Amino acid sequence: MKYKKEYKKYLISSTLDTANNRIASASFITAFAIYLGLSDLVLGIYAVLDTMTNVIQVFAAPLFSKIGQSKKIVLTNYSIYRISSVSMAFIPFISNDIGIRTILFLILATIYAVTGEMGYITFVNWRMTLINKEDRTAFAAKRNFLKNTLVLSFSLIMGIVLDRFTASGYELYGFIILFVIVFIIAFIDIAIRIKTYKPEIIQEKISIKDNIIIPAKDKKFRSVLITGGLNRFAYGIGTMYLNVFLLRYLKINYLYYSVLNILVNLSEAFSSKYWGKKSESRNWSKIILPMCVIFIIVFVILLSFNNEQLLYLLPIIYILIGFGNASYEMFDHIAIYETAKDKFQTSYVTFERFIEGIVTMILPILSYTIFKESNDVIKVTFIIAIFSYIALFVYYKLKKDKLMNR
């Protein structure tokens, strides 16, 4: 195995994978769902569905400890994952009924989310096992930069294409082009992964019960769980209706929507190196505390200004979101894995995702029971996000002060 050669393959495939996730999830797929006529509640559920399905990851570690993380099985799962997202393109050709469209969309979205979660831990484990510890922060920074550059180019092109097709009365065909590009990227990604070296994984045999108990009882890991859970709730409640808010209530066009996606990805790309340097010391308060402040500012702006004013403030908001996202990605991709006990990394990562999923499941329940479809009610979610990030900030500040006083 040639380390540098395999390192490049992992970098390229990881970049394509995360870029495709960005393209095929929170942005244009939401626009496609709005085109299908789906409700705000369905769109809100979709926005947090990938985090909700994290709960199944608690079964992934025991499963893959038994089957040995077979490359054939993992790649088959990954192929289903990508095909399910592209299959959404056929929904408008099957039925015009909103109920049927909603069912088909949720089925495909759920398959996409579940297979994505099942495959996530194995790819992370392979990558972290192969890449030397001293190269991990550089890898994460490079991956984020390349991913965001790719998404940037794609977003600009698709914004122009969708606006022009919409103006001509052929909005659907603009979305079909989107899905074709997603398929091409996925095909290249899978082809690279087939030829990529799979490192030997040393994974202790573990039951579902142990997969929960071992990381849950680890006091050192507890702060990681609290941080991940609070952040996912705060970010989830604050952003689950953000795309709906922009497209359905602010009524921005696809080109402006694309520019905002470009800005968030540019912000992530250029700030990744900064956060990478900050994370080298593994002092995670330097990552989490600034992130909380950034997102508090974001949601205060969204809450404080009227719709007309927000149209001009959206670029600033999205630059800040990108900056905040890049900071948490460093914690998410490094801290969770490195805090785990040796030989139990898969269990720890999957349990952390399980906690995130449980927390995120609260969001659709709140939406169904409390929130109704309107501009003003969506802003209530921004208020909850602000208080949630304040809670995370206070927790981490107290944690930091406690460590300093020891």
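Preceding this paragraph is the structure being described.
Quick caveat: nothing in here was measured; it's all calculated off a predicted structure. Note that residues are indexed from 1 along each chain, following the sequence as it is written. With pLDDT at 70 or above as the cut-off, local features in this predicted model cover only qualifying residues; side-chain atom pairs require 80 or more to be listed or tallied, and sums for whole chains, interfaces and linings still use all residues. Only hydrogens and water are set aside; all other atoms, that is, all heavy atoms of the structure, feed into the side-chain values.

Colleague: It is not clear to me how the packing of helix α11 (residues 219–239) against helix α14 (residues 285–304) should be interpreted in this structure. Could you clarify?
Modeller: When two helices pack together, their arrangement is given by the angle between their axes and by how far apart the axes lie. In this description, a line fitted to the C-alpha atoms serves as the axis of each element, helices being fitted only across the stretch in contact, and the angle between N-to-C directions of two axes falls anywhere from 0 to 180 degrees. Segments assigned H or I by DSSP are reported as helices when at least four residues long, segments assigned E as strands when at least two residues long, and all are numbered from the N terminus. Following both chains from N to C, one finds α11 and α14 inclined at 15°, their axes separated by 11 Å at the closest point. In terms of their interaxial angle, α11 and α14 are classed as roughly parallel. In the packing of α11 onto α14, the handedness of the crossing is left-handed. Here Thr227, Asn231, Tyr235, Gly238 and Thr239 of α11 lie close against α14, whose contacting residues are Ile288, Met291, Phe295 and Phe299. These descriptions rest on fixed angle ranges, namely under 35 degrees for roughly parallel, over 145 for roughly antiparallel, 65 to 115 for roughly perpendicular, and the rest for oblique. In this scheme the handedness of a crossing depends on how the near helix is turned from the far one: anticlockwise by less than a right angle means left-handed, clockwise means right-handed. Residue contacts are counted whenever heavy atoms from the two residues lie within 4.5 Å of one another.

Colleague: What is the right way to read helix α2 (residues 28–36) from this model?
Modeller: Because each turn of an α-helix spans 3.6 residues, side chains separated by three or four positions end up pointing in the same direction. Taking burial as the measure, the nine residues of α2 include seven buried ones, the bulk of the element. Turning to α2, its buried residues are Phe28, Ile29, Thr30, Ala31, Phe32, Ala33 and Leu36. Looking at the residues trailing α2, positive phi occurs at Gly37, about 90°. Exposure classes here rest on a 1.4 Å probe applied to the protein chains alone. A residue is buried below 20% of its type maximum, exposed above 50%, and partly exposed in between.

Colleague: Teacher, can you tell me more about the side chain of Asn77 here?
Modeller: Mapped onto the secondary structure, Asn77 falls in helix α5 (residues 71–86). In this structure Asn77 comes out as buried when scored by relative accessible area, which is 17%. Excluding anything up to four places from it in sequence, Asn77 contacts Thr115, Met118 and Gly119.

Colleague: Just to check I follow, could you spell out the pattern of salt bridges for this structure?
Modeller: Side chains that differ in sign of charge can pair as their charged atoms come close. Basic side-chain nitrogens of Lys or Arg form a salt bridge, by our definition, when they fall within 4 Å of a carboxyl oxygen of Asp or Glu. Scanning all chains against the criterion turns up five salt bridges. Measuring nitrogen to oxygen at the nearest pair gives 2.5 Å for the salt bridge that ties Arg82 to Asp17. Placement of the pair is Arg82 in helix α5 and Asp17 in helix α1 (residues 3–23), with a sequence separation of 65 residues. By relative accessible area, which is 2% here, Arg82 ends up buried. Relative accessible area serves as the criterion here: at 15%, Asp17 is assigned to the buried category. One salt bridge connects Arg193 with Asp189, and the closest N-O pair in it is separated by 3.0 Å. Taken together, the positions of Arg193 and Asp189, both in helix α9 (residues 171–194) and four residues apart, correspond to about one turn of that helix. By relative accessible area, Arg193 is classed as buried at 9%.

Colleague: Explain the nonpolar core here, please?
Modeller: Most often, soluble globular proteins have nonpolar side chains that are buried together. Residues enter a nonpolar core if they are buried and are Ala, Val, Leu, Ile, Met, Phe, Trp, Tyr or Cys, with the set joined through side-chain atoms within 4.5 Å. Judged by nonpolar contacts, the single largest core of 100 residues is most densely connected at Phe105 and Phe331. Ranked by the residues each element gives to this core, the list is headed by helix α15 (residues 307–338), at 13 residues. Those residues in contact with Phe105 that sit more than four places away from it in its chain are Ile29, Ala33, Leu36, Leu38, Val42, Tyr46, Met88 and Ile91.

Colleague: So what exactly am I meant to see when it comes to the environment of Val180 here?
Modeller: Counting through the fold element by element, Val180 comes out in helix α9. The sequence separation of Val180 and Val86 amounts to 94 residues, and the corresponding C-alpha distance is 7.7 Å.

Colleague: I would appreciate a short explanation of a nonpolar patch on the surface in the present structure.
Modeller: Put simply, a patch holds well-exposed residues, over 30% relative accessible area, that have no salt bridge, with like charges counted together within 9 Å and Val, Leu, Ile, Met, Phe, Trp or Tyr side chains within 5 Å. All accessible-area figures derive from a Shrake-Rupley calculation using a 1.4 Å probe, and residue coverage is judged against the displayed protein chains alone. A grouping of Leu303, Ile383, Phe387, Ile390, Val394 and Leu398 is seen on the molecular surface, where their side chains present a nonpolar patch of about 520 Å² in accessible area. Here the nonpolar patch takes five residues from helix α18 (residues 375–404), the largest share from any one element. Among the secondary structure elements, Ile390 is positioned in helix α18. Overall, the relative accessible area of 36% leaves Ile390 in the partly exposed class.

Colleague: It is not clear to me how the packing of helix α13 (residues 254–279) against α14 should be interpreted in this structure. Could you clarify?
Modeller: Direction vectors running N to C along α13 and α14 enclose 140°, while the axes themselves pass 9 Å from each other. It follows that α13 is oblique to α14 by the angle criterion. From α13, Trp275, Lys278 and Ser279 reach across to α14, where they touch Lys286, Ile287, Pro290 and Ile294. Only Asp, Glu, Lys and Arg are considered charged, only Ala, Val, Leu, Ile, Met, Phe, Trp, Tyr, Cys and Pro nonpolar, and every remaining residue, Gly among them, polar. The class makeup of the residues in the contact of α13 with α14 is four nonpolar, one polar and two charged.

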